[in-house]
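A structural walkthrough
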Amino acid sequence: MTATQLSPGSVRPPVRAAGPRPRRASGRHLNLVLGVVGLAVVLGAWQLCAVTGIVDPNFSSSPSGAFLALIESIGSGAIWAPLGSTLSIVALGMAISVVAGIPAGLLIGRNKYLHGLTDPLISIMYSVPYVVFLPMLIFWFGIEMNARLVIVVWSSLFPLLINVIAGTRNLDPAYTQVSRVYCASRLYTLRAVAFPATLPYILAGIRQAVGRALIGAIVAELFMGSSGLGYQVQLQTSNFAMDEAMASIAVIAVVAIVLTRGVGHLERRFTFWSASD
């Protein structure tokens, strides 16, 4: 019997399976540069309109004036109390929505009878603008913090609830079959099986809910608040302090970006395993 001889050229190293290519850093930098350029173009056009008088300076603002007003409000500390009031009501409303919405969504998604009973109501409450209920909410809860909290919870609860229900109903049947094989209780199945598998939907719902919670807080402060960024914008525009009003709006925009991007980072951090190739 002769031994099979292999030439050096016939032996090849194992080829690695092609996986998803990491996103190039240049692509991220390009998006950042394009975003900055787009923002600069808008601000430049806005400044040009203010300088040339295309818009009435008595009823408008300019980027330079808003920036100076923002620096002044930060230096004097006038912005911190309204900012703290808005963030506190958003945080409290989101806490209530998360504590109530996630368990309720898991239960409704796993029970066809509860889903059938609540689906029309949830759709109505999500679709109808809560602004039309503001007069009734004022009569019921007044114009203090309770009414503002109701609006924030209303704004944030239903996007979260819809996402959790959708994730629970799209749960892989193999997960529940394994839990039945091991005779797991329904409560344990919800906690140890449904909740982890639904986590991408939950975090996506929280990301939507936090943006809507901020919108609800600003709307409530515009109509019935005595503090907060929304109330400050309403007060400043009433006094024709347009630079100060635009500075407050810029703070609201920064808060919205930080909140949504923060939750988006958590979503990518904890649900990387759910990303499709």
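Up top is the structure.
Rules and cut-offs
Residues numbered from 1 in each chain as written. Predicted model: local features only at pLDDT ≥ 70, side-chain atom pairs only at ≥ 80, totals over all residues. Heavy atoms only, no water. Helix = DSSP H or I, 4+ residues; strand = E, 2+ residues; numbered from the N terminus. Buried < 20%, exposed > 50% of the residue type's maximum accessible area, 1.4 Å probe, protein only. Contact = heavy atoms within 4.5 Å. Areas by Shrake-Rupley, 256 points an atom, 1.4 Å probe, with all protein chains shown as cover. Core = buried A, V, L, I, M, F, W, Y, C linked by side-chain atoms within 4.5 Å. Salt bridge = Lys/Arg side-chain N within 4 Å of Asp/Glu carboxyl O. 1 Å grid on protein atoms, 1.4 Å probe; cavity = no way out; pocket = protein on both sides within 12 Å on 5 of 7 lines; lining within 4 Å. Points joined across faces, edges and corners; volume = space filled by probe spheres on them. Nonpolar A, V, L, I, M, F, W, Y, C, P; charged D, E, K, R; others polar. Axes fitted to C-alpha atoms, helices over the stretch in contact; angles between N-to-C directions. Left-handed = near helix turned anticlockwise from the far one by under 90°.

Describing the overall build of the chain
- The helix and strand inventory of the chain stands at 10 helices and 0 strands.
- Start at the N end of the chain and walk to the C end: the helices and strands fall as α-α-α-α-α-α-α-α-α-α.
- When each of the 277 residues of the chain is scored for burial, the buried share is 34%.
- At a minimum sequence separation of 6, the contacts of the chain that also span at least 24 residues come to 77%.
- When the accessible surface of the chain is summed, it comes to about 17700 Å², and 68% of that surface belongs to carbon and sulfur atoms.

Some words on the environment of Asp172
- Residue placement: Asp172 occurs in the loop between helix H6 (145–169) and helix H7 (173–181).
- What makes Asp172 partly exposed here is its relative accessible area of 37%.
- A C-alpha to C-alpha distance of 9.4 Å links Asp172 and Ala194, two positions 22 residues apart in sequence.

A look at unusual backbone geometry
- One non-glycine residue, Phe240, lies in positive phi territory at about 60 degrees.
- Residue placement: Phe240 occurs in the loop between helix H9 (229–238) and helix H10 (242–270).

Describing the nonpolar core
- Grouped together as the largest cluster of nonpolar side chains are 35 residues, with contacts concentrated most on Val90, Met94, Ile206, Leu229 and Val251.
- Elements that contribute at least two residues to this core include exactly helix H2 (63–76), helix H3 (80–110), H6, helix H8 (186–224), H9 and H10.
- The element that contributes the greatest number of residues to this core is H8, accounting for 12 residues.
- Residues in contact with Ile206, not counting those within four places in the same chain, are Met94, Val98, Leu160 and Val263.

Thoughts on the side chain of Asn163
- Tracing the backbone through its elements, the reader meets Asn163 in helix H6.
- Beyond its immediate sequence surroundings of up to four residues, Asn163 is in contact with Tyr201, Ala204, Gly205 and Gln208.

Quick look at the pattern of salt bridges
- Using the criterion set out here, one finds 1 salt bridge in the structure.
- A salt bridge links Glu221 to Arg148; its shortest N-O distance comes to 3.1 Å. Residue Glu221 is found in helix H8, and its partner Arg148 is found in helix H6; the two are separated by 73 residues along the sequence. The same class applies to Glu221 as to Arg148, namely buried.

Section: empty space enclosed by the protein
- Following the criterion strictly, the structure yields 1 cavity of 30 Å³ or more and no others.
- Estimates place the volume of the largest cavity at around 40 Å³.
- Considering the residues around the largest cavity, the lining is formed by Met125, Tyr126, Val128, Tyr130, Trp154, Ser155, Phe158, Pro159 and Arg212.
- Broken down by secondary-structure element, the contributors of at least two residues to the lining of the largest cavity are helix H4 (112–127) and H6.
- Of the residues forming the lining of the largest cavity, the biggest block, 4 residues, is contributed by H6.
- Residue composition of the lining of the largest cavity, by class: 7 nonpolar, 1 polar and 1 charged.

Points about the packing of H3 against H6
- Between H3 and H6, whose axes approach to 7 Å, the crossing angle comes to 35 degrees. When you trace H3 past H6, the crossing you get is right-handed.
- Partitioning the contact of H3 with H6 into residue classes produces 19 nonpolar, 8 polar and 3 charged.

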